[in-house]
Structures are given as structure tokens and as C-alpha cells.
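A look at the structure
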Amino acid sequence: MKLDIQGIRLRRAVGAAMTTGAVLASGALYAAPAQAATAPTIVAKGGYVMNNANGKSLYTKAADTRRSTGSTTKIMTAKVVLAQKNLNLDAKVTIQMAYSDYIVKNNASSARLIVGDKVTVRQLLYGLMLPSGCDAAYALADKFGTGTTRSARVKSFIGKMNAEAKKMGLKNTHFDSFDGIGKGKNYSTPRDLTKIASSAMKNSTFRSIVKTKKYTAKTITKTGSTRTMAPWTNTNTLLSNYSGTIGVKTGSGPEAKYCLVFAATRNGKTVIGTVLASSSAAQREKDAKKLLGYGFGKI
């Protein structure tokens with residue numbers, strides 16, 4: 001009988017010890033999930049993620065290496081337009097043949113703007129950011145640059161983009177185009193682009209535009225009638241494929257490869273970041289998802 005009782009006591013003691021050990025082990029796991037998380041591996045050559053609330057870095061990979069940025073350049077284009085004094089978003093801009101010729105010459109992404117149509121500044125911003133229209137970018141640069149000739153106005157506008165980068169203290173960013181089709185001197189870094197996007201996201205119009213999946217513009221034709229344009233679809237597929245996504249902008253090109261500036265909000269916290277030079281459109285999205293998940297795990 002005594003042996004049986006001792007056996008029962010021994011089994012209970014072992015069981016209690018095992019349970020306590022399991023609780024301690026699980027407690028250790030849950031105590032510090034952020035520290036335990038391993039930084040993800042991404043295909044993109046450069047990457048950066050930060051906490052949008054305080055600018056704290058959450059992930060870096062060649063974050064300060066200068067690279068071609070493709071159409072992520074258009075974030076600064078939009079930022080400069082939206083910073084204009086006394087900006088009238090409903091002001092109309094007449095689409096010129098030069099914008100159309102530019103698209104054809106460069107085989108560039110287009111909002112399919114029609115020569116002679118009157119398009120509002122607001123519509124041009126949607127055409128710039130959703131289908132990544134280089135024609136819309138040209139129209140905005142022509143409208144908001146200063147000078148007596150189109151080339152002078154465009155040069156002036158690009159100057160404003162660089163002045164804004166300098167004002168923000170971005171030493172690894174330079175623009176030589178209004179749309180990312182550069183001449184060898186259009187570059188930024190994952191860290192700088194993330195900062196540009198974070199700053200742009202403070203503007204309510206910008207925020208509304210970059211989280212829009214689809215937009216239909218109604219323009220005014222030469223004869224004064226209304227033209228309903230084919231809908232513009234946002235090239236940022238994260239908006240549909242990652243819960244909480246609120247922006248920002250894709251980019252691609254022979255030199256830039258595949259780029260994505262992204263932002264998402266979950267439980268009141270916003271993570272914002274950039275991947276540059278990924279291998280495909282699908283891969284840049286996978287890279288971004290990995291970094292968003294990792295970022296949320298650290299804040």
C-alpha cells in the first residue's frame with residue numbers, strides 16, 4: 001500500500017514538474033515575440049520598413065544604397081503638386097499632343113489621356129498614382145513648373161522635386177525626371193523613399209488617392225461634352241491582397257526592376273516601407289508582405 005501511495009506521489013510530482021516546465025517554456029515564448037522573430041529574407045536588393053508614428057527603423061537591407069526608383073518617383077511628383085500654395089484641385093488642364101508623343105516615344109505607362117480634353121488637377125493626380133500615367137505626370141509638371149516654354153516649366157518642376165528632397169534632408173535622393181524615366185541621375189534609397197511617402201501620407205488628398213483601387217474620371221472634350229474615361233485601376237495589388245493596406249505606389253523599369261512603396265494599418269498602428277529592385281511584380285508583393293508582417297511584429 002505504501003509503495004502504491006509513493007508511486008502516486010511520484011507520478012504527481014513528475015506531472016506537476018512537466019506542466020510547470022511547459023508553462024515556463026510557453027511563457028518565455030510569449031514574453032518576447034518581437035525579439036524572437038527572425039528578420040525575413042527578401043529577393044529585392046534593397047528594403048526598409050519603419051514605424052510611421054515615430055520613424056523608428058524596423059528592418060533594413062541596403063537601406064541607404066542608391067538605386068533607380070522607376071515610377072515610385074511619382075510619389076514626389078504628387079507631393080510637390082499638393083504642396084503648391086492656393087492649390088485648386090478642380091483647376092482644368094488641357095491635354096497637349098506633347099504628352100501623348102512622350103508616352104509613345106518612351107513606351108511609357110499611360111492614363112490614356114486624350115489630346116484636347118480638359119482634365120482637373122485632382123483627376124491628373126489619380127491618373128498619376130493609379131495607372132501610373134506618365135502622361136499625367138507630364139501634364140502636372142507642365143502645369144506647376146514655371147517658365148515661358150514647356151521644357152523650362154518641366155525643368156523648373158523637377159527642380160522643385162529636388163528642392164523638396166533637400167529640404168527633407170535626403171542626401172541619397174536625386175530626380176532628373178517627373179515620372180521615373182530618368183537620364184541616369186534619377187535615384188533614391190529604400191530609407192529615403194519611405195520618408196518621402198510618410199511625409200506625403202500626411203496630406204489627406206494623397207491618402208485618399210493612394211488607397212483607391214479604381215477611379216473613373218469624367219473629362220471635358222474639345223466640344224464641351226463630357227467624356228467618361230475607362231476606369232483607372234491601381235497597380236498596387238497589395239490593396240486587394242493584404243488586409244489593412246492604405247497605399248502607396250509601384251514602380252518598374254529596365255534598371256529599377258520591380259519596386260514597391262507600401263503602407264498598412266492594423267490595430268491603429270501603421271507600418272510603411274519600400275522594396276527596390278525585386279525580380280517581378282509578384283515577388284515585390286511577396287517581399288512587401290514579409291516586411292509588413294515582420295514590422296507589425298515589432299511594434
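Overview of the structure. These figures come from a predicted structure and were not determined experimentally.

1. As for unusual backbone geometry
With an omega of 20°, the peptide bond between Gly247 and Val248 qualifies as cis. Tracing the backbone shows Val248 in strand E11 (residues 245-253). At Ser132, a position not held by glycine, the phi torsion is positive, near 65°. In this fold, Ser132 is placed in the loop between helix H5 (121-129) and helix H6 (134-144). The backbone phi angle of Asn267 is positive, close to 50°, even though this residue is not glycine. You can see Asn267 is positioned in the loop between strand E12 (257-266) and strand E13 (269-278). Look at Asn267 and you get exposed, because its relative accessible area is 81%.

2. As for the nonpolar core
Counting residues in hydrophobic clusters, the biggest one holds 62 residues, and the most contacted among them are Leu125 and Phe206. Counting residues per element, this core draws most heavily on H6, at 8 residues. Aside from chain neighbours lying at most four places away, what touches Leu125 is Ala78, Val81, Leu82, Leu89, Leu140 and Ile209. With 17 residues, the next largest nonpolar core counts Val49, Tyr59, Leu238 and Tyr294 among its residues.

3. Some remarks on the pairing of E11
Sheet analysis places E11 next to E12, joined by 8 bridges and oriented antiparallel. Residue Val248 lies in a different strand from E12, and its bridge partner there is Phe262. Hairpin connection, E11 to E12: the antiparallel pair is bridged by 3 residues.

4. Points about the packing of helix H3 (residues 74-82) against H5
Two numbers describe how H3 lies on H5: the axes approach to 10 Å, and their chain directions differ by 165°. One element, H3, and the other, H5, form an angle in the roughly antiparallel class. Here H3 runs over H5; the crossing is left-handed. For the pair H3 and H5, the contacting residues are Lys74, Ile75, Thr77, Ala78, Val81 and Leu82 in the first and Val121, Leu125, Leu128 and Met129 in the second. Broken down by class, the residue content of the contact of H3 with H5 amounts to 8 nonpolar, 1 polar and 1 charged.

5. Digging into the sheet that holds strand E2 (residues 57-61)
Taken in spatial order, the 5 strands make up an open sheet running E2-E1-E13-E12-E11, and their pairing is antiparallel. Of all the strands in the sheet, just E2 and E11 have a single pairing partner and so form its edges. Taking the axes of each pair of neighbouring strands and ignoring which way they run, one obtains an average angle of 5° across the sheet.

6. Here's the deal with the environment of Ala136
Along the chain, the position of Ala136 falls in helix H6. Expressed as a C-alpha distance, the spacing of Ala136 and Ala111, which sit 25 residues apart in the sequence, is 6.6 Å. When neighbours within four sequence positions are excluded, Ala136 is seen to be in contact with Leu113, Leu124, Gly127 and Leu128.

7. What about the packing of aromatic side chains?
Counted by the stated rule, this structure contains 7 aromatic pairs. Here Tyr102 and Phe178 contribute two aromatic rings whose centre-to-centre distance is 5.5 Å and whose plane-to-plane angle is 45°, an arrangement assigned as tilted. Residue Tyr102 is located in helix H4 (residues 97-106), and its partner Phe178 is located in the loop between helix H7 (150-167) and strand E6 (187-188); the two are separated by 76 residues in the primary sequence. Each member of the pair, Tyr102 as well as Phe178, is classed as buried. Taken together, the ring pairs connect Tyr99, Tyr102, Tyr138 and Phe178 into an aromatic cluster. Over the aromatic face of Tyr242 sits the side chain of Arg266, whose NZ or CZ is 4.2 Å from the ring centroid.

8. Looking at the pattern of salt bridges
Going through the model one piece at a time under the given rule, you end up with 7 salt bridges. Close ionic contact of Arg191 with Asp64 constitutes a salt bridge, the shortest N to O distance being 2.7 Å. Of this pair, Arg191 sits in helix H8 (residues 190-200) while Asp64 sits in the loop between E2 and strand E3 (67-68), placing them 127 residues apart in sequence. A salt bridge links Lys289 to Glu285; its shortest N-O distance comes to 3.1 Å. With Lys289 and Glu285 both in helix H11 (residues 281-298), this residue pair falls 4 residues apart, about one helical turn. On the accessibility criterion, Lys289 (29% relative accessible area) is partly exposed.

9. Section: the environment of Ser208
Among the secondary structure elements, Ser208 is positioned in helix H9 (residues 204-210). Separated by 82 residues in the primary sequence, Ser208 and Tyr126 have C-alpha atoms spaced 9.6 Å apart.

Scoring rules and cut-offs
Residues numbered from 1 in each chain as written. Predicted model: local features only at pLDDT ≥ 70, side-chain atom pairs only at ≥ 80, totals over all residues. Heavy atoms only, no water. Helix = DSSP H or I, 4+ residues; strand = E, 2+ residues; numbered from the N terminus. Buried < 20%, exposed > 50% of the residue type's maximum accessible area, 1.4 Å probe, protein only. Core = buried A, V, L, I, M, F, W, Y, C linked by side-chain atoms within 4.5 Å. Contact = heavy atoms within 4.5 Å. Pairing = 2+ DSSP bridges. Axes fitted to C-alpha atoms, helices over the stretch in contact; angles between N-to-C directions. Parallel < 35°, antiparallel > 145°, perpendicular 65-115°, else oblique. Left-handed = near helix turned anticlockwise from the far one by under 90°. Nonpolar A, V, L, I, M, F, W, Y, C, P; charged D, E, K, R; others polar. Phe/Tyr/Trp six-rings, centres within 6.5 Å; stacked < 30°, edge-to-face > 60°. Lys NZ or Arg CZ within 6 Å of the ring centre and 35° of its normal. Salt bridge = Lys/Arg side-chain N within 4 Å of Asp/Glu carboxyl O.

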